[in-house]
Amino acid sequence: MADDPFENMLAQMDRAEEYADVDHGVFERLKHPERTLKVTLPVELDSGEVEVFEGYRCQFDSARGPFKGGVRFHPTVTQREVEALAGWMTWKTALVDLPYGGAKGGVICEPKELTQNDLESLTRRYTEGIRRMIGPETDVPAPDMNTNPQTMAWMMDTYSMYEGHSVPQVVTGKPLEIGGTPGRVEATGRGVSIVTERLFEYLDRDLSEATVAIQGFGNVGSNAARLLDEAGARIVATSDVSGAAYDPDGLDVSALAAHVSAGGLIEEYVAGETRADRGDREGDGSADRWDDPDEIGNDELLTLDVDVLIPAAVEGVITADNVDDLRASAVVEAANGPTTVAADEVLTERDVQVVPDILANAGGVIVSYLEWVQNAQEFSWPLETVNAELERRIGTAFDQTIDQYDEKGLPDLRTAAYTLALERTASAHEYRGLFP
Ligand code: GLU
């Protein structure tokens, strides 16, 4: 079922089972989340109305360590989606070898329709709802879609109020001033850029000759675009909900980022409504490099004839319905769960390399771990140390995935990544045994 992310995650596990050295009984255990809490969140909005929201926290597996995973605010959140995302966090932390299990949280809401006060009240109420379940040694939330360092600050404050003292270690992705780490905001995009570079080295291809299309220009997509642009790749297309910008000669990523961070939509950028963003380049001799981009649809972006396609938005966008039209020769999954298993099978058949989400977007949780460690040490590291450690850890996971793929002759990189993650998680279960 393409539109049920949990079924998709189970199907990904099933594809890997025949190659993974995992006892069947343990494997079955890994298909079930440990627990999911559903909370009802009545919030008095700025408008004076009381609105009742619904939220979840799923703790999927803790054999390898405390639960870890983000919290998303989105109108299409469902319990099944949160459970799938918690499963993916479990495989992700195992693959990049962090001492964590996997979790995820979500609140059904449309953040665009909420004021800053509304978001604060909702975040605090949600934190109260799940606070008996989270903690520095039990479950550590972080940002995800539509949540950010400010959201984490409210969560940290709410939790700390009940504890009677500051507990920075209860969440990661905090602002620097209250125990955040340098490099966390851009970490997921940086990881995406690192694995894309590693993939090109592995394929013996030149990244500076490569064209890249990125679906989504939020925190992950925009940072991946900037860092890949700096690495020499040509970013030819990117998008948001309003539409996509396409320029075969390459987009001006920094102008686009400035436009979007000032609250602009890509549709407006393409229409030239913020020509000032681009105008300041006139006269400095580089104006010719940047033609006005064309507006294309989000669907069209996915089927552009590019070297690398980076889905960096929501799950389930590469499906049986559009996979035959995909022309990219590699896919780097910056989003969680962007490819359905039916589409995966076609991509494997066509030898399109897919760097799976649990590897490609692991930069965020790696730097979350580094933040958590610094909080425990009550010692802070400089950006260079954080970035070097991120690169080392995601690079090692990339190399291990490639070795597994090559040495075991596995069908694709996702299967290679899953066999490693499942074997590590299963092994932790076997050592720990069953209680009681
Ligand atoms: N939400 C991010 C993810 O999907 C980061 C999770 C974390 O840092 O705990 O990987």
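What counts and what doesn't
Residues numbered from 1 in each chain as written. Predicted model: local features only at pLDDT ≥ 70, side-chain atom pairs only at ≥ 80, totals over all residues. Heavy atoms only, no water. Salt bridge = Lys/Arg side-chain N within 4 Å of Asp/Glu carboxyl O. Helix = DSSP H or I, 4+ residues; strand = E, 2+ residues; numbered from the N terminus. Buried < 20%, exposed > 50% of the residue type's maximum accessible area, 1.4 Å probe, protein only. Near = heavy atom within 4 Å. Polar contact = N/O pair within 3.5 Å; in protein donor to acceptor, adjacent residues only side chain to side chain. Pairing = 2+ DSSP bridges. Axes fitted to C-alpha atoms, helices over the stretch in contact; angles between N-to-C directions. Core = buried A, V, L, I, M, F, W, Y, C linked by side-chain atoms within 4.5 Å. Contact = heavy atoms within 4.5 Å.

## So, the pattern of salt bridges
Scanning the entire structure with this criterion turns up 31 salt bridges. Between K31 and D14 there is a salt bridge whose closest N-O contact spans 3.0 Å. With a gap of 17 residues between them, K31 in the loop between helix 2 (24–29) and strand 1 (35–44) and D14 in helix 1 (residues 5–17) connect regions that are remote in the sequence. For K31, a relative accessible area of 15% puts it in the buried group. Linking D344 and R15 is a salt bridge whose minimum nitrogen-to-oxygen distance equals 3.9 Å. Highlighted residues: D344 in helix 12 (residues 341–349) and R15 in helix 1, separated in sequence by 329 residues. Sharing partners across several salt bridges, the network here consists of R15, E333, D344, E345, D357, D412 and R414.

## Digging into the site of the ligand
Near the ligand there are 14 residues, and of these K68, K92, P143, D144 and S368 occur at the shortest range. The contact in question runs from an oxygen atom of the ligand to an N or O atom on the side chain of K104, over 3.0 Å. Mapped onto the shell around the ligand, the elements with two or more residues apiece are strand 3 (67–74), helix 3 (79–95), strand 5 (139–143) and helix 14 (363–377).

## Re the pairing of strand 5
Across the five residues that make up strand 5, a large majority, five, are buried. When strand 3 meets strand 5, the two strands line up parallel, connected through five bridges. Considered in strand 5, the bridge of K68 is made with V140.

## Thoughts on the sheet that holds strand 6 (residues 211–215)
Here we have seven strands laid out as an open sheet, ordered 9-8-7-6-10-11-12, and mixed in their pairing. Bordering the open sheet on either side are strand 9 (294–296) and strand 12 (353–355), each of which pairs with just one other strand. Each strand of the sheet is rotated relative to its neighbour by a mean of 20 degrees, with strand direction disregarded. Of the pairings in the sheet, the one linking strand 8 (residues 243–246) to strand 9 comprises three bridges and is antiparallel in character. Residue pairing across strands places A244 opposite I296, the latter belonging to strand 9.

## Re the nonpolar core
Core analysis: the biggest nonpolar cluster contains 87 residues, and M9, M13, W91, I310, Y418 and L422 have the highest contact counts within it. A total of nine residues in this core trace back to one element, the largest contributor, which is helix 3. Beyond its immediate chain neighbours, meaning those up to four positions away, M9 contacts F60, A84, G87, W88, W91 and Y418. Counting residues in each nonpolar core, the second largest holds 23 residues, with V71, L114, Y126 and V170 among its members.

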